[in-house]
Amino acid sequence: MSHAVELAPHRYAGLVAPAVDRTFLAGMAAGQERGTELSRRYGGPAATGFLVELRTRLAEPGGVVDDPGFTAVTRYRDAAECRRALDKQVAYGMLHRRPDGGLAATERGLAFLAELWRLHADVTGELWTGHEERVVRLVEALGRLLTYALVLAAEEPDPAGAAFAAVAPPYEPDGTPPGVLLLNRLGTLRHHRSDAHAAAWAVAGHTALSVTALPAGPERLAIEQETDRRAAGPYEALTAQERLSVLADLAALPG
């Protein structure tokens, strides 16, 4: 128990981030492998890419991702290339660009996302078969984390938190299978850390481009530690023992 007490939220944020990444990326990779035909029927990745990436907001009827949110989600990529890709997806009729710059799914885009939800239900069910209890525990814990993260964001609105604001809370219609809930909650939590990282390197005087080129060393370590501190808030919603349980459950999931 002494080890659990010592695992403070800021230390935990750094430990759990790789486990969150691994589990989320495994689920998405399984979906991509099985989803080739689905994507092809709607025009391929050139037509569907941002719908997949922003699905937790755009799948919701009336869901809109504003322009600052899109910029934040894509902050580590070439802005001009992202805009060109976005223009193509609008031209394919999958996304609608509103006069204020916000993005919404078209009817065709919503149809694609409904099929994607079913695909993700199938692949996560297969990927995590035999681990149903772990998945349910993780869904519950991540739900509490995201709820608390939204409370904290409302208390201290910060433009640096635009990526999380763009995708949270994730759209969870009645009957959504636990595997899909887990996949989407993990993805949403990753955007919370992405915002924390962006705030940390901005304070240190970096840009998205310069920080990606920063070599290992004291400066990078300081930014990572500041990222952990800024990402720690939601983990206060869990007890020290619950934090360890989440870490253990993530480590036990295949992928």
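Details of the structure are given in the entry above.
Residues numbered from 1 in each chain as written. Predicted model: local features only at pLDDT ≥ 70, side-chain atom pairs only at ≥ 80, totals over all residues. Heavy atoms only, no water.

1. Notes on the side chain of Arg 193
Stage number 1. Among the structural elements, Arg 193 can be located in helix H11 (residues 178–203).
Stage number 2. Polar side-chain contacts of Arg 193 include one of 2.7 Å to the side chain of Asp 228.
Stage number 3. Contacts of Arg 193, omitting those with residues within four sequence positions, involve Ala 13, Gly 14, Ala 17, Glu 224, Thr 227, Asp 228 and Ala 231. (Helix = DSSP H or I, 4+ residues; strand = E, 2+ residues; numbered from the N terminus. Polar contact = N/O pair within 3.5 Å; in protein donor to acceptor, adjacent residues only side chain to side chain. Contact = heavy atoms within 4.5 Å.)

2. Things to note about the pattern of salt bridges
Stage number 1. Counted under the stated rule, the structure contains 18 salt bridges.
Stage number 2. With a closest N to O distance of 2.9 Å, Arg 75 and Asp 195 form a salt bridge. A residue pair is termed long-range when its members are at least 10 positions apart, and Arg 75 in the loop between helix H6 (67–73) and helix H7 (79–91) and Asp 195 in helix H11 qualify at 120 residues.
Stage number 3. Close ionic contact of Asp 87 with Arg 97 constitutes a salt bridge, the shortest N to O distance being 2.6 Å. Taken together, the positions of Asp 87 in helix H7 and Arg 97 in strand S1 (residues 95–97) put the pair ten residues apart, joining distant regions of the chain.
Stage number 4. In the salt-bridge network here, residues are joined through shared partners; they are Arg 134, Arg 137 and Asp 249. (Salt bridge = Lys/Arg side-chain N within 4 Å of Asp/Glu carboxyl O.)

3. Regarding the packing of aromatic side chains
Stage number 1. For the structure shown, the criterion picks out five aromatic pairs.
Stage number 2. For the pair Tyr 76 and Trp 201, a centre-to-centre distance of 6.3 Å together with 70 degrees between the ring planes defines the contact as edge-to-face. Residue Tyr 76 is located in the loop between H6 and H7, and its partner Trp 201 is located in helix H11; the two are separated by 125 residues in the primary sequence.
Stage number 3. A relative accessible area of 35% means that Tyr 76 is categorised as partly exposed.
Stage number 4. Aromatic side chains Trp 117 and Tyr 171 sit 6.3 Å apart centroid to centroid with 55 degrees between the ring planes, which places their arrangement in the tilted category. Taken together, the positions of Trp 117 in helix H8 (residues 107–127) and Tyr 171 in the loop between helix H10 (162–167) and H11 put the pair 54 residues apart, joining distant regions of the chain. (Phe/Tyr/Trp six-rings, centres within 6.5 Å; stacked < 30°, edge-to-face > 60°. Buried < 20%, exposed > 50% of the residue type's maximum accessible area, 1.4 Å probe, protein only.)

4. Some remarks on the environment of Gly 93
Stage number 1. On the secondary structure map, Gly 93 appears in the loop between H7 and S1.
Stage number 2. On the accessibility criterion, Gly 93 (27% relative accessible area) is partly exposed.
Stage number 3. Discounting chain neighbours no more than four positions away, the residues touching Gly 93 are Thr 106, Arg 108 and Gly 109.

5. Focus on unusual backbone geometry
Stage number 1. Cis geometry is found at the peptide bond from Ala 168 to Pro 169, where omega equals -5 degrees.
Stage number 2. Of note, Pro 169 is situated in the loop between H10 and H11.

6. Regarding the packing of helix H2 (residues 9–34) against helix H13 (residues 218–231)
Stage number 1. One can describe the packing of H2 onto H13 by two numbers: an axis separation of 8 Å at closest approach and a directional angle of 110 degrees. Taken together, the axes of H2 and H13 lie roughly perpendicular to each other. For the pair H2 and H13, the sense of crossing is right-handed. The residues of H13 that touch H2, namely those facing His 10, Ala 13 and Gly 14, are Asp 228, Arg 229 and Ala 231. (Axes fitted to C-alpha atoms, helices over the stretch in contact; angles between N-to-C directions. Parallel < 35°, antiparallel > 145°, perpendicular 65-115°, else oblique. Left-handed = near helix turned anticlockwise from the far one by under 90°.)

7. Points about the packing of helix H9 (residues 132–155) against H11
Stage number 1. Orientation of H9 relative to H11, taken along the N-to-C sense of each, is 35 degrees, at an axis distance of 9 Å. Crossing angle aside, the handedness with which H9 passes H11 is left-handed. Taken together, the residues of H11 that come into contact with H9 (itself represented by Val 135, Val 136, Leu 138, Val 139, Glu 140, Leu 142, Gly 143, Leu 145, Leu 146 and Ala 149) are Pro 178, Gly 179, Leu 181, Leu 182, Arg 185, Leu 186, Thr 188, Leu 189 and His 192.

8. With respect to H13
Stage number 1. Relative to the 20 Å expected for 14 residues at 1.5 Å per residue, H13 spans 20 Å between its end C-alpha atoms, a close match to the ideal helical length.
Stage number 2. Those residues of H13 that fall on the buried side of the exposure criterion are Ile 223, Thr 227, Asp 228 and Ala 231. Seen from one end, H13 has its buried residues packed into an arc of 140 degrees, which puts them on one side.
Stage number 3. In the core, the buried residues of H13 are packed alongside H2, H11 and helix H12 (208–212). (Expected span 1.5 Å × (residues − 1). Arc of directions from axis to C-beta.)

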